[in-house]
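So you can see what is in the structure, the chains are spelled out below.
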Amino acid sequence: MKIATIAEVKAQFSAFVNASAGGPVVVTRNGKPVAVLVGVEDEDEIERLLMAYSPRLRAILDKSRAQIAAGKGIPHEEFWDNVNAISAKSRAKSKKRSASRSAI
């Protein structure tokens, strides 16, 4: 892990982006950490990072955990049955749209 000031990162941004491939670069202002430059290898990793820090997703997960703790969750099987049913409906709609476009 590297540590650099904002001024250093600003002056040599490309070098610090390259360095982030080997590990996080902590960016400081007045000696205090204010940001982290993290290298990513693919779009999936970017998505995971963004979701991990999403306040909206965190709120949804917190609410879900509270519901489960209060005994208001649904059984595992029922959850996946619902997911599969929604997926099947979505696929059917997609097929219907494709067929209507082909007919034109």
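Computed from a predicted structure; not experimentally measured.

S.K.: Help me get a handle on the side chain of Thr28, residues and values and all.
M.R.: Among the structural elements, Thr28 can be located in strand β2 (residues 25-29). Judged by its relative accessible area of 11%, Thr28 falls in the buried class. Residue contacts for Thr28: discarding those within four places in its chain leaves Ile3, Ala4, Thr5, Ile6, Pro33 and Val34.

S.K.: Lay out unusual backbone geometry with the relevant residues and their values.
M.R.: Phi angles above zero are rare outside glycine, and Asn30 is one such case at about 55°. Judged by relative accessible area, which is 74%, Asn30 ranks as exposed.

S.K.: Give me the lowdown on a negative patch on the surface, citing residues and values where you can.
M.R.: A grouping of Glu41, Asp42, Glu43, Asp44 and Glu47 is seen on the molecular surface, where their side chains present a negatively charged patch. Structurally, Asp42 can be placed in the loop between β3 (32-37) and α3 (43-52). You can call Asp42 partly exposed: its relative accessible area is 38%.

S.K.: Break down the nonpolar core for me, citing the residues and quoting the values.
M.R.: Formed by Ala4, Val9, Phe16, Val25, Val27 and Leu37, the largest nonpolar core amounts to six residues. If we ignore the near neighbours within four places in the chain, the residues touching Val9 are Ala4, Phe16 and Val27.

S.K.: Give me the environment of Val40: which residues, what numbers.
M.R.: Along the polypeptide, Val40 turns up in the loop between β3 and α3. Exposure remark for Val40: the relative accessible area of 37% places this residue in the partly exposed category. Between the C-alpha atom of Val40 and that of Ser20, which follows or precedes it by 20 residues, the distance is 8.4 Å. Setting aside residues up to four positions removed in sequence, Val40 forms contacts with Glu45, Ile46 and Leu49.

Definitions and cut-offs
The residue numbers shown here count from 1 along each chain, following its written sequence. Totals for whole chains, interfaces and linings use every residue, but because this is a predicted model, local features are given only for residues with pLDDT of at least 70 and side-chain atom pairs only at 80 or more, for both listing and counting. Side-chain numbers here rest on the full set of heavy atoms in the structure, without hydrogens or water. We count a stretch as a helix when DSSP gives it H or I for four or more residues in a row; a strand needs E for two or more, and each element gets its number in order from the N terminus. For the exposure calls, accessible area comes from a 1.4 Å probe over protein chains only, and a residue counts as buried if that area is under 20% of its type's maximum, exposed if over 50%, partly exposed in between. Should any heavy atoms of two residues lie within 4.5 Å, those residues are considered in contact. In this scheme, patches are assembled from residues that exceed 30% relative accessible area and form no salt bridge. Like charges are connected within 9 Å, while nonpolar side chains (Val, Leu, Ile, Met, Phe, Trp, Tyr) are connected within 5 Å. Areas reported as accessible are Shrake-Rupley estimates using a 1.4 Å probe. Residue values count occlusion only from the protein chains shown. Whenever Lys or Arg places a side-chain nitrogen within 4 Å of a carboxyl oxygen from Asp or Glu, that contact is recorded as a salt bridge. Here Asp and Glu are counted as negative and Lys and Arg as positive; His is not counted, and neither are the chain ends. Note that the charge is assigned to NZ on lysines, CZ on arginines, CG on aspartates and CD on glutamates. As used in this record, nonpolar core signifies buried Ala, Val, Leu, Ile, Met, Phe, Trp, Tyr and Cys residues forming a set joined through side-chain atoms within 4.5 Å.

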